[in-house]
Amino acid sequence: MSEMRFDDDVVIVTGAGRGLGREYALAFAARGAAVVVNDIGAEADGSGGSRAVAQGVVDEIVAAGGRAVADTNSVATSEGAAAIVQTALDQFGKLTVLVNNAGTIAYARLPEIGDADWRRMLSVTLDGAFHMSRAAWPLMAAQGYGRIVNTTSNAGFAGNETLAHYGAAKLGVAGLTKCMAQ
């Protein structure tokens, strides 16, 4: 069986600076795609931020002979999402694949989750998938082609008492995905 190739694709991977997002970005690039490596450089809990995180993945891709650009706009706002999509258009002329991977994770029991913690979890994980999909959708529809991949988790079903806000956000992404597919 031959290797799946993405030579004509332009891919945005959100949350691509570390973990699974980084692996997705590297894999797409290794198979020929031009990649927008989006990451604000925050820690897993959403704190901090550094452009060096996204740029480090871009440097790996370019060193291996691939094409990539770093983007540090936030998926948590519609303006940030529009800017990320614009980066793909400005740098590579189109967008064919969106991988909504950005998210945060923090462990706390329900009574310990503050309003800001709840909102941060939802704004990146769920709202981010919504904002990015909404920004990419018209382009993909107009060109008659595109793929949106949303990453989720079974955390909402797993019954872990310290992942209420994470599980809720990830199940929201699953619901959004189902509705978009329809």
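Described in the following lines is the structure provided in the data block. (Residues numbered from 1 in each chain as written. Predicted model: local features only at pLDDT ≥ 70, side-chain atom pairs only at ≥ 80, totals over all residues. Heavy atoms only, no water.)

Quick look at the pairing of strand S4 (residues 97-100) now. Residues of S4 alternate between two faces, with Val 97 and Val 99 on one and Leu 98 and Asn 100 on the opposite face, all of them buried. As paired strands, strand S1 (residues 10-14) and S4 are joined by three bridges and run parallel to one another. Of the residues in S4, the one forming a bridge with Ile 12 is Leu 98. Of the crossover connections in this fold, the one passing from S4 over helix H4 (residues 115-143) to the parallel strand S5 (residues 147-150) is right-handed. (Buried < 20%, exposed > 50% of the residue type's maximum accessible area, 1.4 Å probe, protein only. Helix = DSSP H or I, 4+ residues; strand = E, 2+ residues; numbered from the N terminus. Pairing = 2+ DSSP bridges. Right-handed = clockwise from strand over helix to strand, strands pointing away.)

Attention now goes to the sheet that holds S4. The sheet built from five strands is open, its strands ordered S3-S2-S1-S4-S5 with parallel pairing. The sheet terminates laterally at strand S3 (67-71) and S5, the two strands that pair on one side only. The average undirected angle you get between the axes of adjacent strands in this sheet is 15 degrees. Relative to S3, strand S2 (residues 34-38) runs parallel, the two being bridged by five bridges. Directly across from Val 36, in S3, lies its bridge partner Val 69. In the packing of helix H2 (residues 51-63) onto the sheet, contacts are made with S2 and S3, and the angle to S3 comes to roughly 180 degrees. Sitting on the sheet, helix H3 (residues 78-92) touches S1, S2 and S3, and the angle it makes with S3 is about 145 degrees. (Axes fitted to C-alpha atoms, helices over the stretch in contact; angles between N-to-C directions. Contact = heavy atoms within 4.5 Å.)

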